Amino acid sequence: NENAFNFAGYAFKAGGGTPSINTEGTITSLVSANQAAGFSVVQWSTSTTLATVGHGLSSAPELIIGKGINWSSSWPVYALPIGNTKKMSLNDTSIASTSTIWGNTTPTATTFNQDFTGTAGRTNIAYCFTSISGYSKVGTYTGNGSVTGPIITTGFQTNFVLIKRTDGTSNWNIYDTARDASNPSGPPLYPNLTNIQAGSQAVNFLSTGFQPAIAGGDINENNGTYIYLAIKQN
């Protein structure tokens, strides 16, 4: 149908619906969590001092994507592979940069530190992910600059992967089998851009992981360092 529109949507099931109050941090948060899937959605109000926020998962988040709701902000990203003294931003191409936004403290099984300090009453949201064996994985890899890229082992059939270079500027890239189930799969979507899907079929989805299938680009520069979130279709 020439009038049809195509959309890509990604649903991460969090909890049973209604969020609950979480008092495990120094700030009370509102949390919807699916511990079995390793995903939670957290809302809280800004403190004027360094504070901790309960996230509702049963283990420490390895990837946190934040955003101010009622005030202008970027999309700060915490990732375990780059550590608690740095952040990235989902809305731009920047490298991992030094920041105190995570309180220079690694998240625990109950809370994460936040230094979204400033005007009290600002509302924030965070999407928290932790690796679940056989279903999801947050990790890192080093590119080799070849069309036969490194094989990244996740331990499950990977159907979705979000990739970002940490030591060089690059777009955030999303590949998935819903839009293209062939190997190599593509083109990518770019969370930091308003562009349509564009670029190369550049990822092989494997029964135990995934493999970049492009020389260079956003996902496989020689000796480039990357973080990823990989998920199995459920």
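Quick caveat: nothing in here was measured; it's all calculated off a predicted structure. (Residues numbered from 1 in each chain as written. Predicted model: local features only at pLDDT ≥ 70, side-chain atom pairs only at ≥ 80, totals over all residues. Heavy atoms only, no water.)

1. Some remarks on the nonpolar core
Phase 1: Core analysis: the largest hydrophobic core is formed by 21 residues, its most contacted members being Leu-63, Val-77, Met-88, Trp-172 and Leu-229.
Phase 2: For this core, the elements supplying multiple residues, two or more each, are strand S5 (63–68), strand S6 (76–79), strand S13 (160–165) and strand S17 (225–231).
Phase 3: Broken down by element, this core gets its largest block of residues, 3 residues, from S17.
Phase 4: Apart from the residues within four sequence positions on either side, Leu-63 is in contact with Val-77, Tyr-78, Ala-79, Tyr-127, Cys-128, Phe-129, Val-138 and Leu-229. (Core = buried A, V, L, I, M, F, W, Y, C linked by side-chain atoms within 4.5 Å. Buried < 20%, exposed > 50% of the residue type's maximum accessible area, 1.4 Å probe, protein only. Helix = DSSP H or I, 4+ residues; strand = E, 2+ residues; numbered from the N terminus. Contact = heavy atoms within 4.5 Å.)

2. Points about the sheet that holds S17
Phase 1: Spatial strand order, S11-S17-S13-S14: 4 strands in an open sheet with antiparallel pairing. The sheet is open, and its two borders are formed by strand S11 (136–142) and strand S14 (173–176), each paired with just one other strand. Direction aside, neighbouring strands of the sheet carry axes that sit 20° apart on average.
Phase 2: Examined bridge by bridge, S13 and S17 share 6 bridges and lie antiparallel to one another. Note that in S17 the partner of Leu-162 across the bridge is Leu-229. (Pairing = 2+ DSSP bridges. Axes fitted to C-alpha atoms, helices over the stretch in contact; angles between N-to-C directions.)

3. Quick word on unusual backbone geometry
Generally, phi is negative for residues other than glycine and the peptide bonds are trans, each holding for most cases.
Phase 1: In this chain, Asn-183 is followed by Pro-184 through a cis amide linkage whose omega measures -5°.
Phase 2: With respect to the helices and strands, Pro-184 occurs in the loop between S14 and strand S15 (203–206).
Phase 3: Each neighbour pair has its own omega, and for Gly-186 with Pro-187 the value is -5°, a cis peptide bond.
Phase 4: By the element assignment, Pro-187 lies in the loop between S14 and S15.
Phase 5: Residues other than glycine seldom take positive phi values, yet Asn-104 does so here, at roughly 50°.
Phase 6: Of the residues examined, Asn-104 reaches a relative accessible area of 42% and is grouped as partly exposed.
Phase 7: Not every positive phi belongs to a glycine, and Asn-223 is a case in point at roughly 70°.
Phase 8: Within the secondary structure layout, Asn-223 lies in the loop between strand S16 (209–212) and S17.

4. A closer look at the pattern of salt bridges
Phase 1: Summed over the entire model, instances satisfying the criterion amount to 2 salt bridges.
Phase 2: Salt-bridge contacts for Arg-165 lead to Asp-167; the nearest nitrogen and oxygen are separated by 2.8 Å.
Phase 3: With relative accessibility at 17%, the residue Arg-165 sits in the buried group.
Phase 4: With a closest N to O distance of 2.7 Å, Arg-179 and Asp-176 form a salt bridge.
Phase 5: Owing to a relative accessible area of 3%, Asp-176 belongs among the buried residues under this scheme. (Salt bridge = Lys/Arg side-chain N within 4 Å of Asp/Glu carboxyl O.)

5. Regarding the pairing of strand S2 (residues 29–34)
Phase 1: Bridge count between strand S1 (residues 20–22) and S2: 3 bridges; the pairing is antiparallel. By the bridge assignment for S2, Ser-20 is matched with Val-31.
Phase 2: Once S1 ends, the chain turns through 6 residues before running back antiparallel as S2.
Phase 3: Sheet analysis places S2 next to strand S3 (residues 39–45), joined by 5 bridges and oriented antiparallel.

Limitation: the analysis is restricted to geometry and does not speak to function.
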